[in-house]
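Coordinates in review
Next come the chains, spelled out residue by residue.
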Amino acid sequence: MPFFSSDWDDEEEEDAFEGDLNALAQDFERKSRDTFSARELIELFKYYSNQFPSAKGEFKADTYMRLILEQGLQRFPYIPVFAIHMAEWLIREKKYKKARKYLEQSMAYTPFEPTLIFMDSMLWGLQKEEGKALEALENALNTCGDDEGLLEEVLDMLLHHKQYNLAMPVLERALEAGAEVNGILEKYLENTDETGLMGALLPMIQKIVDQDPYSYEAWYVLGSAHMALRDFDQALMALDFAVTIHENFADAWLAYFECLYESEQYAKLIASYHEQVKRFPKKTFQEMEGLLAWSYYETGDIKSSRQLYQEVIKREPHDAESWYSMGLTWHYEGNYSAAIPYLEKAYDLDKFESDYGLVLATAYFGLEMQDKWEPLYESLSIEHPQVPELWLDWSLAVAESGNREKALELVEQGLQNNPTHPQLLYRMAALCYLCGHQPAAIFVLEKALEIAPEEHFLLFTFAPELKKAVSLLECILRFTPIRYE
């Protein structure tokens, strides 16, 4: 806070402020406020904004910031910076009508101030008045000229408030003015996982590439956007352009390697990595070594995989993902004794990652260590009750230990958090039937078939003997042809 940092400076005093801000703040807090100049109020606002939001138990910086803006608006209504930041404040509180009041008052004094008009445009957009928003935006663009800094700040503001229709014309003008906008778009790509935002940013990034097809940074940002949307073919193409234009662009190579990994092109990743690692300083691609190690595993070079994981673990002993992946290389072979020390270490390092505990529990189960897997599943049910795989794995372990009624209870618990999860529903139908609750089994099975009829084979994967259950087969035939897997 705030967006318009360029508005901090008073037009009449562009030199750096040389006063004692601490002393100035003390005077303000003693309520000696009617003698401050506009410049002093602006500097005080900056001073308190650096402490916003206040730590619990300390004085409220936001209270003083609000008082400063009110003082500025009262004594200097012809200086737009106070109205701009008051509008920002009220927009954050969703008090749009009140924000417009301050903007209109300020525009009565300075009707051609572009920052005010941009704020007005965004405010109309937030109020779903698209026509008025676009009209105000056109006025703002006509008055701002080629002010690169202002265009960059407005673009940032509009993206922050998800005003994508307004952001595109601002982006186009910013590109015409030669503004640096790659960093702004990249910031939003890195700090969100919202598919809607990604989709909105994509045409903006494409616009940058169209404007300058030799911008390796633009191609990199475009590739990052496609990666975020999991469109790996398009991402690889864009990143390939980035590293072709600038072959020493390490960040683009890192993204390229990650994209190869995510698209399961493991052999190509290994070849590309070894080709490029010779050209860069030793630690440039170090963060990729975990993905490289798993790529070795996927291509059958298990020895190299484990050797590299050992190197990563030795260098970064708190890297839970590498401990876990190393354990998986043994777990997938059914060598649970070798897997467990690594899986235990991963789980100790990061109990928030549900997979670490779940795979460890299955390893305990594989070694018939009921004194280990039973309490671990209990703990996981507290830590991750919303994870369907927990209830599926736990119920399977309990059922195979001979307690189908307890397994049924566990599946019922899982469905409390995931009432429409097909695997849980099919598991419950199977267990109901096996426990002698046939009407309930048919009822649950119908619900599962309504949601995901193509997954009815799960019933028989869990309990092959149900292939002879006539009532279940007749139920399935009402929804889909039967197939066994």
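Details of the structure are given in the entry above.
Residues numbered from 1 in each chain as written. Predicted model: local features only at pLDDT ≥ 70, side-chain atom pairs only at ≥ 80, totals over all residues. Heavy atoms only, no water.

**Quick word on the packing of aromatic side chains**
Put simply, the test is: Only Phe, Tyr and Trp rings take part, Trp by its six-membered ring, and two of them pair if their centres are within 6.5 Å. Stacked means planes under 30 degrees apart, edge-to-face means over 60, and tilted covers everything else. The buried label applies to any residue whose accessible area, calculated with a 1.4 Å probe on protein chains only, is under 20% of its type's maximum; exposed applies above 50%, and partly exposed to all values in between. To sit over a ring, a charge needs its Lys NZ or Arg CZ within 6 Å of the ring centre and within 35 degrees of the ring normal.
Under the counting rule described, the total for this entry stands at 26 aromatic pairs. Pairing Y261 with Y266 gives two aromatic rings, centres 5.7 Å apart and planes at 75°, and the pair type is edge-to-face. Taken together, a centroid distance of 5.7 Å and an interplanar angle of 75° make the contact between F365 and W373 edge-to-face. With relative accessibility at 2%, the residue W373 sits in the buried group. An aromatic cluster is built from W253, Y256, F257, Y273, F280 and F285, whose rings are joined through pairwise contacts. Geometry around W89 places R92 over its ring, the cationic atom sitting 4.8 Å from the centre. The positively charged end of K345 is found above the aromatic ring belonging to W323, 5.8 Å away from the centroid.

**Thoughts on the pattern of salt bridges**
For clarity, the cut-off: The term salt bridge refers to a pairing of a side-chain nitrogen on Lys or Arg with a carboxyl oxygen on Asp or Glu at a separation within 4 Å. Only DSSP runs of H or I reaching four residues or more are called helices, and only runs of E reaching two or more are called strands; each is numbered from the N terminus.
The full count for this structure, using the stated rule, is 16 salt bridges. Close ionic contact of R173 with E176 constitutes a salt bridge, the shortest N to O distance being 3.8 Å. Linking R173 with E176, this pair stays in helix α9 (residues 164-176), spanning three residues, or about one helical turn. You can call E176 exposed: its relative accessible area is 60%. One salt bridge connects R230 with E262, and the closest N-O pair in it is separated by 3.4 Å. Here the residue R230 occupies a position in the loop between α12 (216-228) and α13 (232-245), and E262 occupies one in helix α14 (residues 250-262), the gap between them amounting to 32 residues.

**Details of the nonpolar core**
Just so we agree on the cut-off: Only buried residues count toward a nonpolar core. Its members are Ala, Val, Leu, Ile, Met, Phe, Trp, Tyr and Cys residues joined through side-chain atoms within 4.5 Å. Contacts between residues were defined by any pair of non-hydrogen atoms, one from each residue, lying within 4.5 Å.
The biggest cluster of nonpolar side chains holds 179 residues, and the ones touching the most others in it are F82, F118, L159 and L459. With 10 residues, the top contributor of residues to this core is α14. Discounting residues that sit within four places of it in the chain, F82 has contacts with A38, L41, I42, I68, L69, G72, L73 and F76.

These results come straight from atomic positions and should not be treated as a statement about function.
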